[in-house]
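# Coordinate inspection notes
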Amino acid sequence: MITRFITDVTTRFNPFSVRARPARLFLSFLPPTARSSGMNITTQLLPRTSTEPSTLYIKFKDGKEMNLDCETMGIKSIVEEVDRHSRMLQKEADLAEA
Amino acid sequence: MPQRLRCAVPRGLSPAVSNTSRTTSRSAVLLLPPTPRAASTTRQYATATVAKISSFSLPVDYVPPTKPPTARPSDTRKSQLLRTYTSLLRSTPLILIFQHNNLTAVEWAAVRRELRIALGNVSSAGTDTTELVSRAQLQVIRTRIFDVALKIVEFHDPSKVAPTTVSALTGEKVQVVYNHDLSKAAFQAIKTATQGDKPLPEESAYAQISPLLAGPLAIFTLPAVSPAHLAAALSVLCPSPPTFPPPSRKKFPGYYDAVAQSGLQKLMLIGGRIEDKVFDLEGVKWVGGIEGGLDGLRAQLVHMLQSAGLGLTSTLEGASKSLWLTMESRRSVLEEEQNGGKTADKEESS
């Protein structure tokens, strides 16, 4: 997963719900240096009884915001979705460099 | 050099091979002077001895006592890890489950160091504090194997496994129970419990904890339920200011160095298993907030029972009291009416 262009990650989930898995796995995909390289990661854990849907909010360097719905998407489709935009940014960055 | 006869009979098999002669080496037999018995009708040559040994065989269903049959290969690392986890789950009353998101080795070291310092500073009434602290540990687990271990602990009851009949070395049949964690019985038990689309019963601990078991996990284990130590661990690993404040910056500067902080930011407390019950974050904090440990809880219970007793007596009294009051008021009303009637009669007659 390309994480270079992500500036904000905000998740909110109830770990006791099965649908929290994509959000949790997404957090585990972020590199060890994510916070030190300026990414804001906020996690809010909901209590066990809550039935609120788990949410994942991602903001990119170019200002694009993504609200990913963990209830219907698996981790694979989330990564795909994020990478689709990241690749575009990567292309722009490469062109600017060259 | 005389050819050595290869005698691959382990020491434990001596009862089975006791009928063979003690001289197993061909050269030894050849060197022996012919005994009178040998010189007579039946000469016993070494070849006969060899034939006897090669015809020696173990019973078909013989199972070595040191190597009971298992459902999975027992000598792999995974199997031994599974056994470690089941024994951990059976013996440890307090387990906190964390998700760790890509901590580096130095960050782990820093987190463990701070945890150890914080636990060492706990002063609780118990005498075995030092031992408890030395056995508390934060370890990364293999999630899937831990999941299987949880299933085995929950669904496999070793006392209910039927004995199997196998042969002993001497050939007689003996009843042996194979109920260890890698046994076929355990494997079958967890398979039947979690088979198919049938949902697990809501009240089973495994059904409650299984959504947690995804992604990279680490567990913090304490060998006893000690709220004081739990509170200390929580204030380091998952500080929440009013009840579990983080260690002070002056006293514990190590807690605030960049490595430790970045490590702690990546650790996320998602739940706990305390005394075979599953708790979420709030539940764990509640257990950590119990003042005075188990004794404190007992004192609370005694107090509650006492006050409940008081309330009960007053409630029971209250019903009869109110009945008496109603009857009394009704009587006074009736009396008044009677008196009123009399006065009315008197007025009419007058």
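You'll find the structure just up there.
Described in the following lines is the structure provided in the data block. (Residues numbered from 1 in each chain as written. Chains lettered and ligands numbered in written order. Predicted model: local features only at pLDDT ≥ 70, side-chain atom pairs only at ≥ 80, totals over all residues.)

## With respect to the overall build of chain B
Along its length, chain B carries 14 helices and 7 strands. A burial count over chain B gives 23% of its 350 residues as buried. Of all intrachain contacts in chain B linking residues separated by at least 6 positions in sequence, the fraction that spans at least 24 positions is 76%. (Helix = DSSP H or I, 4+ residues; strand = E, 2+ residues; numbered from the N terminus. Buried ≥ 20, exposed ≤ 12 C-beta atoms within 10 Å, placed from the backbone. Contact = placed C-beta atoms within 7 Å.)

## Quick word on helix 2 (residues 75–97) of chain A
Residue and element names in this part refer to chain A. Between its first and last C-alpha, helix 2 extends 32 Å over 23 residues, near the 33 Å set by a 1.5 Å rise per residue. Of all the positions in helix 2, only I78, V82 and S86 are classed as buried. Buried residues in helix 2 make contact with helix 1 (21–29), strand 3 (55–60) and strand 4 (65–69). (Expected span 1.5 Å × (residues − 1).)

## Here we look at the pairing of strand 2 (residues 40–45) of chain A
Residues and elements named next belong to chain A. Of the strand pairs in this sheet, strand 1 (residues 6–13) and strand 2 are connected by 6 bridges, and their pairing is parallel. Note on strand 2: the bridge partner recorded for T11 is T43. One crossover worth recording links strand 1 to the parallel strand 2 by way of helix 1, and it is right-handed. (Pairing = 2+ DSSP bridges. Right-handed = clockwise from strand over helix to strand, strands pointing away.)

## Things to note about the environment of F146 of chain B
All names here are of chain B. Secondary-structure assignment places F146 in helix 8 (residues 143–155). Sequence separation between F146 and R83 is 63 residues; the distance between their C-alpha atoms is 9.8 Å. If we ignore the near neighbours within four places in the chain, the residues touching F146 are Y85, I141, L213 and L217.

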